[in-house]
Amino acid sequence: MPKRVLIVDDAVFMRNMLRDILGAAGYLVVGEATHGIEAVQRHRELKPDLTTMDIVMPYKNGIEATREIVRTDPSAVIVICSALGQEALVMEAIEAGAADFVVKPFRPEDVLGVLRKVLGDERSP
Amino acid sequence: MAPGQDMSRYVGLFVAEAVEHLEALSRDLLALERERTPETVDSLFRHAHSVKGMAASMGLESIATLAHRVEDLVDVLRRGEGHWDRSVVDLVLAAVDSMLVQVRATAEGPPPTPPPDLLEGLSEAVRARTGRPLSPTRVARAHLFGGEPPGPAERPPRFQVELQIPASSQSPGVRAFLAHRTLAALGTVLFVRPSLEELRAGAIAGGRVTLGVEVPGGAARLREALARLPDLELLAVEPLDPSAPTAAEPPPAGLEPTQSVRVRTELLDDFLELAGELLLAIARLREIGKRMPEAHAPVLEEGVGRLHALAKEMHNRVMGARMTPLAVITDQLPRAVRDVARRRGREVDFSVEGAEIELDRAILDALAEPLLHVLRNAIDHGIEDGRSRAAAGKPERGSIRLGVRRTRDRVVVEVTDDGRGMDVEALRAAAVARGALTPEAARQLPESEALLLACLPGVSTARDVSDISGRGVGMDAVKRAVERVAGTLELSTGAGRGTRVAFRLPLTVAVLQLLLVRAGGEVVGLPITKVLGAVEETPSSVDRSSGAPVLRHGSGLLPIHGLAALLGFDEPAPRSPQPFVVLETDREPVALAVEGLLGQEEAVVKALPRPLDQLPGLAGVTILGSGRPVFILDVPRLLA
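The written sequence of each chain sets the order in which its residues are numbered from 1. For this description, chains carry letters from A and ligands carry numbers from 1, given in the order in which they are written. Totals for whole chains, interfaces and linings use every residue, but because this is a predicted model, local features are given only for residues with pLDDT of at least 70 and side-chain atom pairs only at 80 or more, for both listing and counting.

*Asks:* Looking at this structure, how should I read the overall build of chain A?
*Replies:* A tally of helices and strands in chain A yields five helices and five strands. With C-beta atoms placed from the backbone, a residue is buried if 20 or more other C-beta atoms are within 10 Å of its own, exposed if 12 or fewer are, and partly exposed between those counts. Evaluated residue by residue, chain A yields a buried proportion of 45% over its 125 residues. A pair of residues counts as a contact when their C-beta atoms, built from backbone coordinates, are separated by no more than 7 Å. Long-range pairs, those at least 24 residues apart, make up 61% of the contacts in chain A between residues at least 6 apart in sequence. Under the DSSP-based scheme used, a helix requires at least four consecutive residues in state H or I and a strand at least two consecutive residues in state E, with every element numbered from the N terminus.

*Asks:* Before we go on, may I ask you to explain the interface of chain A and chain B in this structure?
*Replies:* By a widespread convention, an interface's size corresponds to the accessible area lost as its parts come together. Between chain A and chain B, the residue contacts involve 15 residues of the former and 14 residues of the latter. Secondary-structure elements contributing two or more residues to the side of chain A that touches chain B are helix H3 (62-72), helix H4 (87-96), strand E5 (100-104) and helix H5 (108-118) of chain A. Residues were grouped as follows: Ala, Val, Leu, Ile, Met, Phe, Trp, Tyr, Cys and Pro as nonpolar; Asp, Glu, Lys and Arg as charged; and all remaining residues, including Gly, as polar. Each residue belonging to the side of chain A that touches chain B can be placed in one class, and the counts come to eight nonpolar, three polar and four charged.

*Asks:* What's the story with helix H13 (residues 361-382) of chain B in this structure? I'm lost.
*Replies:* Owing to its 3.6 residues per turn, the α-helix brings residues three or four apart onto one side. Counted at 1.5 Å a residue, the expected span for H13 of chain B with its 22 residues is 32 Å, and the 30 Å between its end C-alpha atoms agrees. Within H13 of chain B, 18 of the 22 residues are buried, which leaves the element mostly enclosed by the surrounding structure. Here, expected helix span is obtained from the residue count minus one, scaled by 1.5 Å.

*Asks:* Which parts of the structure should I look at to understand H3 of chain A?
*Replies:* For H3 of chain A, the complete set of buried residues consists of Gly62, Ile63, Ala65, Thr66, Arg67, Glu68 and Ile69 of chain A. Structurally, H3 of chain A contributes buried residues whose contacts are with strand E1 (4-8), helix H2 (36-46), strand E3 (50-54), strand E4 (78-83) and H4 of chain A.

*Asks:* Hey, could you run me through the environment of Ser576 of chain B in this one?
*Replies:* Residue and element names in this part refer to chain B. Tracing the chain through its elements places Ser576 in the loop between helix H19 (563-566) and strand E18 (578-583). We classify Ser576 as exposed; it has 9 C-beta atoms within 10 Å. Distance from Ser576 to Thr538, taken between C-alpha atoms, is 5.5 Å for residues 38 residues apart in sequence. With residues up to four places along the chain from it excluded, the contact list for Ser576 reads Thr538 and Pro539.

*Asks:* What exactly am I supposed to notice about the pairing of strand E10 (residues 488-494) of chain B here?
*Replies:* Side-chain direction in a regular strand flips from residue to residue, so the side chains alternate between the two faces of the sheet. Residue and element names in this part refer to chain B. Side chains Leu489, Leu491 and Thr493 project from E10 onto a buried face, and the interleaved Thr488, Glu490, Ser492 and Gly494 project onto a face without burial. Strand pairing follows a simple DSSP-based rule, namely that at least 2 bridges must link the two strands. Of the strand pairs in this sheet, E10 and strand E11 (residues 498-506) are connected by seven bridges, and their pairing is antiparallel. By the bridge assignment for E11, Leu491 is matched with Val501.

*Asks:* So what exactly am I meant to see when it comes to the pairing of strand E1 (residues 158-164) of chain B here?
*Replies:* Residues and elements named next belong to chain B. Relative to strand E3 (residues 208-214), E1 runs antiparallel, the two sharing seven bridges. Each bridged residue has a counterpart across the sheet, and for Leu163 the counterpart in E3 is Val209. When E1 meets strand E4 (residues 233-239), the two strands line up antiparallel, connected through six bridges. By the bridge assignment, Phe159 is partnered in E4 with Pro239.

*Asks:* Honestly, the packing of helix H4 (residues 86-106) of chain B against helix H5 (residues 116-130) of chain B in this entry has me stumped. Any pointers?
*Replies:* Axes are the key here: two packed helices are described by the angle between their axes and the distance separating the axes. All names here are of chain B. Axis definition: a line fitted to C-alpha atoms, limited for helices to the stretch in contact. Angles are taken between N-to-C directions and run from 0 to 180 degrees. H5 packs onto H4 with a crossing angle of 140 degrees between their chain directions and a minimal axis gap of 10 Å. The way H4 lies across H5 gives a crossing that is left-handed. Where H4 abuts H5, its residues Val88, Leu91, Ala94, Ala95 and Ser98 lie against Leu118, Gly121, Leu122 and Ala125. Partitioning the contact of H4 with H5 into residue classes produces seven nonpolar, two polar and no charged. Take the far helix as your reference; a near helix turned counterclockwise from it by less than a right angle gives a left-handed crossing, and one turned clockwise gives a right-handed crossing.

*Asks:* Any chance you could explain the nonpolar core here in plain terms?
*Replies:* In globular proteins that are soluble, nonpolar side chains generally tend to be buried together. All names here are of chain B. Within the largest apolar cluster, 71 residues are counted, with the highest numbers of intra-cluster contacts made by Val337, Leu375, Leu427, Val517, Leu526, Val581 and Leu592. It is H13 that contributes the most residues to this core, ten residues altogether. A domain split of this core shows at least three residues from each of domain 4 (327-506) and domain 5 (511-639). Not counting the four nearest positions on each side in its chain, Leu375 is found in contact with Leu333, Ala336, Val337, Ile400 and Val415. The term nonpolar core refers to a set of buried Ala, Val, Leu, Ile, Met, Phe, Trp, Tyr and Cys residues connected through C-beta atoms within 7 Å. Where each domain starts and ends follows an automatic or database-derived domain assignment.

*Asks:* Honestly, the sheet that holds E1 of chain B in this entry has me stumped. Any pointers?
*Replies:* Sheet strands line up and pair through hydrogen bonds in the backbone, either parallel or antiparallel. Residues and elements named next belong to chain B. Spatial strand order, E2-E3-E1-E4: four strands in an open sheet with antiparallel pairing. Pairing within the sheet leaves two strands with one partner each, and these edge strands are strand E2 (188-193) and E4. Taking each pair of neighbouring strands and ignoring which way they run, the sheet shows an average axis angle of 20 degrees. Across the sheet, helix H6 (residues 172-186) is in contact with E1, E2 and E3; its angle to E3 comes to roughly 10 degrees. Contacts from helix H8 (residues 219-227) reach E1, E3 and E4 within the one sheet, and its direction differs from that of E4 by about 165 degrees.

*Asks:* Any chance you could explain unusual backbone geometry here in plain terms?
*Replies:* A negative phi angle is the norm for most residues apart from glycine, just as the trans form is the norm for most peptide bonds. Following Arg193 of chain B, the chain continues into Pro194 of chain B via a peptide bond in cis, with omega recorded as -5 degrees. Among the secondary structure elements, Pro194 of chain B is positioned in the loop between E2 and helix H7 (196-200). Phi at Lys47 of chain A takes a positive value of approximately 45 degrees, unusual for a residue other than glycine. On the secondary structure map, Lys47 of chain A appears in the loop between H2 and E3. Take Lys47 of chain A: there are 13 C-beta atoms within 10 Å of it, and that puts it in the partly exposed class. A positive phi angle, close to 60 degrees, is found at Asp231 of chain B, a residue other than glycine. Tracing the backbone shows Asp231 of chain B in the loop between H8 and E4.

Okay, structure coming up:
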């Protein structure tokens, strides 16, 4: 069964790009959220296997959203998608419970490499 | 001593006291060689007995055993069952030396075991003289080091892990941080090289990271966890020798044991007061210098300048010594929250973040009670029972978060719950019913202020009367306590979503940069941190907006307030140009019309004595170099 993914990013461009990369690799993108509050809601509804999370977003940032999601679902797997130079924020997100991170601008193979690793799946999904 | 209790906080005291007893033991032994008196022998026995008791309470079995055998031997000799000879003194001295080494080592980690021949020698000496075996030594099971019971055999295995972060990694610092965190989640990280601070900063020579870890599951668990981390190569996992664990490793920077003494808080208060007085005296001296003949002025000024720099530095150091992490008060909160929640039959997850942030001791002390009260309120009146929560689509367990963060010059302490929230309309109604507000005024009050009505004595929206929070008494006390340390209280709420109570607090008490202005013929001080600008304008730049005077400032219009009138003085005649001070308030900035801008001054703030502290709008008082007392204004409260 393909792994189900929730994409959280306020930029349409990033969401589309991630959807394409993940879709092509056989993941099932089950939902998208454009800010932290929506992310928490959608995560609760969809219970995805994995969530990609932007950090800087309106209403509620990715760190807060990560913290909230992990608090209600400690098994949630969240991968932070951050821009270069946001190291301090990424570390904060990791402390909040994120499983791993990728740095934008990213290459498809980097994203997929991280996703497979954190899902404990060396093969394609 | 309770079994399993964390004793690590007593280590310092134990070491200091045990060393004293052991040194006294040595002195007694040497005195005994010169002249043998019953008093000396008794003293010997008492010191050995004390060390035994202390070491046993600390769970330090090897020291306790050794002290016990010394005590036995001394007791035998005391009762005249044998002779003191040089060999006995040598034996006991050797035991004392061994205990000293072990006691001192306690401060750094688990103590080494005593040489077995020493124990054997002491036992043999007793047996030879009495023909009896020794009684066993009782030792408390206390957790001294990292929560692990003493004894290397019970310890999980330790490993040294070598990691390589590839040169292609975009964020080697974050990668290494994640690896550290992953290992910390598995067990205990004993050391990391480079240091965690260096890792965070991305300073990793050659991408090579070495960690020492203690992992219950062993190497397999370790490898499995690390395999899940991308962009990371596991070079080696090697067992660490458990008997020589961290000692062979250089301790991480910043964790070296520092010499410290305990001082009473009042002593720090005295130091602060004195350092403040010193600054005031120097300011006075500087004023006098201004009136000196020109020939002497520069020399004096240089001297006074140097003196001021030193006194300032001293003041800063004293302030630094008073800074205490919030953990001092928050450490007790999880237990308190649990107790209250249980009593109320609520399921609550409580978390604390940012407790490492430091505040002045005086502010911290003032905070403990109000914080506890706010938490009780959150449980009593905020968090619903499990069934109501489930019906409202919320997780059955309520959540209360205590978050502490630093802003530019303040510390914000926030308590956020996800309970039913506060009912703003009910608060308005209660305030009206109490006669505190007219219905009209209550209606016009913005929500953020209407919530503060909960702080009026006797106003409450609690649906039930509880033995824990009382009936609305409490929030007024909370507000007063926060304001007493120059903080502010903020409330926000969402019906059904929860309540947030925030204390905005100054980092420290004491030194403030002031802008001195003249108003109503008096000199008053405004905290510079609140001043956005000072301008002089001709009356033509003063407009009127819906009847009220406003000042054009930048791209906006600021409401104008006459400071003299705010202070209750007669309105002075308008001047041209008219000086204004633009001040930040809790809401929009305002322009204060003053009679003159007198300059900037560094002031040591003194709290107002009663009854002056009851006057709203006065934040404190300072004494200028000239000896003149000046009130420091709290403009947001003057405007309120």
